Amino acid sequence: MFDLVSLGNKLKTCRINLDCSIDQVSSSTGINSISLILYESGQKEPTGDEILILADFYKIDYKYFISNQQRSASENTESLYRKHGSEFSQSDRIAIRDFLFLCECEQALWDNLEIKYNKFHPQKIRSNNSKIQGKEIAKEFRNFLCLTDNQLIDNAFYLLRKTGVHIFRVQLENSNISGVFFNHPIAGKCILVNYLEDIYRQKFTLAHEYAHSIFDASDQFNISFFKEGEDQREIRANYFSSNFLIPSGAIKLLPDYIEITEEILLKMAKKLEINPEVLLYRLVDENRIHRNKIKELKKVKIPINEKIDPELKDLSTAGLIRKTQLLKKGLTQNYVLLCFRAFQQSLISKNRLAEVLLVDEFELSEILKLFNLKISYDI
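None of the values given here were measured: they were computed from a predicted structure.

What follows concerns the packing of aromatic side chains. Aromatic ring pairs: the centre-centre distance and the angle between the two ring planes describe each pair. Under the defined criterion, the tally for this structure stands at 15 aromatic pairs. With a centroid separation of 6.0 Å and an interplanar angle of 45°, the aromatic rings of Phe99 and Phe182 are classed as tilted. A residue pair is termed long-range when its members are at least 10 positions apart, and Phe99 in helix 7 (residues 90-112) and Phe182 in strand 2 (residues 177-184) qualify at 83 residues. On the basis of relative accessibility, which here comes to 0%, the residue Phe182 falls in the buried class. With centroids separated by 5.3 Å and ring planes inclined at 35°, the aromatic side chains of Phe141 and Phe244 adopt a geometry described as tilted. One end of the pair, Phe141, is in helix 8 (residues 130-144); the other, Phe244, is in helix 11 (residues 232-245), with 103 residues separating them in the sequence. Across the pair, Phe244 and Phe141 agree in class, each one buried. Among the aromatic residues, those joined into a cluster by ring pairs are Phe120, Phe141, Phe144, Tyr210, Phe240 and Phe244. Directly above the aromatic system of Tyr64 lies the positively charged group of Lys10, at a separation of 4.5 Å from the ring centroid. The ring of Phe101 carries the charged tip of Lys59 above its face, separated from the ring centre by 5.7 Å.

Our focus in this paragraph is helix 13 (residues 262-272). The set of residues buried in helix 13 consists of Leu265, Met268, Ala269 and Leu272. In an axial view of helix 13, the angular spread of the buried residues amounts to 100°, which keeps them on one side of the axis. Residues of helix 13 that are exposed and point over 90 degrees away from its buried face: Glu263, Lys267 and Lys271. Looking at the packing, one finds that the buried side of helix 13 touches helix 10 (199-215), helix 11, helix 12 (248-252), helix 14 (276-285) and helix 15 (294-297). Phi for Glu273, located one or two positions after helix 13, is positive at around 55°.

Here is what the cut-offs are and how they apply
- Residues numbered from 1 in each chain as written.
- Predicted model: local features only at pLDDT ≥ 70, side-chain atom pairs only at ≥ 80, totals over all residues.
- Heavy atoms only, no water.
- Phe/Tyr/Trp six-rings, centres within 6.5 Å; stacked < 30°, edge-to-face > 60°.
- Helix = DSSP H or I, 4+ residues; strand = E, 2+ residues; numbered from the N terminus.
- Buried < 20%, exposed > 50% of the residue type's maximum accessible area, 1.4 Å probe, protein only.
- Lys NZ or Arg CZ within 6 Å of the ring centre and 35° of its normal.
- Arc of directions from axis to C-beta.
- Contact = heavy atoms within 4.5 Å.

Here it is in structure tokens:
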């Protein structure tokens, strides 16, 4: 016999986190509304099968509901929505539920496959100035990744995933949200990048949220909005991101006598695969142009069709459309291959493979085919 009041509170919190009504949960799970009300109020004990069904719906390990020892990402989301609930639609909350589930699954697969990553631990931060902190740690992080001072970054997503941080691109409806960092109680550091933004903005957001994973790792979460004020943590993250993506060495390659014109700014931004506005501020920071020129050059834009997603290169039209749909849900090639590898080694069943890929068994073959994978036997 377990604590029914505790179970009820957990079930209610999970439902509220998703902004779901009792009737919506009932419709999705097949458990009648009266029983759900009794379960949430601690007046009735659900069956074992019902706990499994609810755990599957909320994308949470069933052991969390029946044990006071098991932790859950619902602790993060409860705090997030208490503070910023109005920013997230029900669709966004479901997307975040799935994102946190993917992070937890990925961590479990890393553990089962004994995959270890060399994680970044910065030296003691010496300055109290947010801008200097961002710049210095960005330089230290580039050294950690064995990047030279003028080396450009092609696929930042692939590169940063190799540091043991869970990184998924998920589309949220709220275009004002750039990204979210979560300190997951089980998976550790997790970064969500809003797929709704253009790919160059996503790249900047990734590095920005990575800064939060370094400087603000003790917090349960950090949410970054498209336009931030004078918050010192956000300023520090911006300086980290811009200095990480646009190293001083790349700017120093420009001859001293060259004036930064619209044409040169556009050419540099394309080469760096960064939006011109971000580059402008780095050029000011490196004393290559005067701040007064920002307004004049801010109109320089890179056409959206010229921004190539590094995770969607060299695909047919049909493949591009389908893989884009998967990326919006967080399903990257790295993650799909990881899941399939665990299946091949009999670490997870076919049913579990479908579950961790957020599909049913009927869709599984279609998803795997997109990645040139095939199941030829059952486990």
